Amino acid sequence: MPKGTKLALILGAIPFLTLVFALPLVNRIHPVILGLPFLLFWILAWVMLTPVLLFAAYKLEKKYNPPQEGEDR
Amino acid sequence: MNSALIIILAAILISAGVGIFAGRKMKMNLENWTVGGRRFGVVLIWLLMAGEIYTTFTFLGASGWAYSKGGPTYYILIYGTLAYSLSFFILPLLWKIGKKHGLHTQPDFFVHRYNSRALGIFVALIGVFSIIPYLQLQLAGLGFIVEVASNGAVSSKAAILLSFILTCAFVYTSGIRGAAWVAVIKDILMLLAVGIVGIGVPAIYFGGIDKMFALLIEKMPQHLVFPGSGGHMNVWWVMSTVLLTGLGFYMWPHVFGSAFSAKSAETIKRNAIIMPLYQIPILLVFFVGFTALLVIPGLENGDTAFLSLVNKAYPPWFMGFVGAAGAVTAMVPSAILVLFASTLISKNIYKGFKPGASDETVMRLSRIMVLVITTVALIFAVLLPNELVNLLILGYDGVCQFFPGVVLGLFWKRATKTGVFGGLVVGIGLVALLILTGNDPFLGLNAGFVGLCLNAVVVVALSLMEKKERRPEEPGLAAEKRI
């Protein structure tokens, strides 16, 4: 597996860790952050961070994976 | 004629007009009709996908769940995000294969990868049976929104008939391009409606979102976490449900098929990056449900929370605007559902039995099927409005069962058609059994998830049992090394 793909997969797995497997640990109301119950804040934060993670994955793939022939932009 | 009625009618007519106009200059062959000639850029793909994913359920169901179940409603924020993250890795590969081999539909992929028309027919049948209740749900939601928003001036049945006949018209003429352009209108209306109401009602009644939550935390803190007021919907149920729906999300035949309309694999990848941003409107819808719980507690049906609160807080013409947004929000996914159900029947079921059929015949049949499916869904919606809810759950759990066949098909050379057949039969059989015997959730887990796990095990086991040399050289994907 090319290095870029490997790094991208690691980043892509983060939402699964934080938004699925971490749920039993964050199922609570306090501390209230930005007026939101902690559980909702946690979920929202990772939803918003996912585009950032995926963008980083995209850049890493570009950087480390050799360009493929015949690729449409 | 009241103002609400005029706004709703105008929105429906303008949307249909745009949809019909969108396809005017295209020569309609199967390639242009189902996948828009594979020419959609990032913006149009984003609108199309958002158009089919954010349905009337976004308006009514998410606020209804926030109202009546509380915390478990957060699952909607999660599963979409998981699905987008996954799509970043899977859809570009599917797109490349689709482009290379001229695939139009999800069953096309199964036929190509597993070299089996029978598997294609089977997958198409499951797809069509899952789509019909989903379509009916859109119709029922549309009728309900328009009837309430127009204050009874338009009956639910009249609204369903009018908007659905128009939807049928633009699908017939313009195919997926029509749906994508109507999605532009839909998005503007829906974002405005949800934005105004979601930020508006907490401010009107409590002076802000934080104050609304402060009051809820004081009055009913347990409503805001899992399981909230959702009974069995504890954290384990939520985890199994978001995994199931997150993995199964792109397995809906119409969502899967839409990916083929992108102009490049790169477009799909960029789309996956920005899709999670579309979850923000859902958060606003939650705010409406939570506010309604404080302002108008005790509603019998939580799904009415959104509209009841809007009705209380805003003037009638604004209700008309929400009704218009709701109607168009139902039209876009309905259009895409009809389009793909029709294509599955003509391209994968009919042509599956008659491989010699020409593309022109398949195209003609697809268009006829648009009329047939529209009629069937209308009959269901008018005669049996409430009978299909269980079928919908079964449909969702059913399409999720495609996941092992697609993903193992992409990444594991040894996956065989026998394995996938077996996995589907066992997975769907188990889900149906659990649901029909009242065992969903099973041991606290979503029944669909239990089915999916067993399905994956069966696919792997049956594939491994097949002797390697017996299989002919796969024309399939794992063989395409570059991918």
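Residues numbered from 1 in each chain as written. Chains lettered and ligands numbered in written order. Predicted model: local features only at pLDDT ≥ 70, side-chain atom pairs only at ≥ 80, totals over all residues.

> Mind showing me how you'd approach the overall build of chain B here?
From N to C terminus, chain B includes 20 helices and zero strands. Here the C-alpha atoms of chain B give a radius of gyration of 22 Å, agreeing with the 23 Å that 2.2 N^0.38 yields for 483 residues. Referenced to the eigenvectors of the C-alpha coordinate spread, the extents of chain B come out at roughly 70 × 55 × 40 Å. Counting over 483 residues, chain B shows a buried share of 63%. (Helix = DSSP H or I, 4+ residues; strand = E, 2+ residues; numbered from the N terminus. Rg over C-alpha atoms; globule rule 2.2 N^0.38 Å. Buried ≥ 20, exposed ≤ 12 C-beta atoms within 10 Å, placed from the backbone.)

> Help me understand helix H8 (residues 156-206) of chain B in this model?
Along an α-helix, residues three or four positions apart point the same way, because every turn accommodates 3.6 residues. All names here are of chain B. An ideal rise of 1.5 Å per residue puts 75 Å on 51 residues; H8 reaches only 33 Å between its terminal C-alpha atoms. At Ser174, H8 shows its largest kink, close to 125 degrees. Just downstream of H8 lies Gly207, where phi reads positive at about 80 degrees. (Expected span 1.5 Å × (residues − 1). Bend = angle between axes of the 7 residues up to and from the residue.)

> Sorry if this is basic, but what is going on with the interface of chain B and chain A here?
Interface size, as often reported, equals the accessible area lost upon joining of the parts. Taken together, the contact pairs 34 residues of chain B with 29 residues of chain A. Those elements giving two or more residues to the side of chain B that touches chain A turn out to be helix H5 (75-101), helix H9 (209-219), helix H10 (235-248) and helix H12 (265-274) of chain B. A total of eight residues in the side of chain B that touches chain A trace back to one element, the largest contributor, which is H5(B). (Contact = placed C-beta atoms within 7 Å.)

> For this particular structure, what's the right way to read helix H4 (residues 56-68) of chain B?
Residues and elements named next belong to chain B. In a regular helix each residue adds 1.5 Å, so 13 residues correspond to 18 Å; H4 covers 18 Å between its end C-alpha atoms and thus fits that length. Burial runs high along H4: 13 of the 13 residues are buried. Taken from the residues just after H4, Gly70 is the one with a positive phi, measuring 80 degrees.

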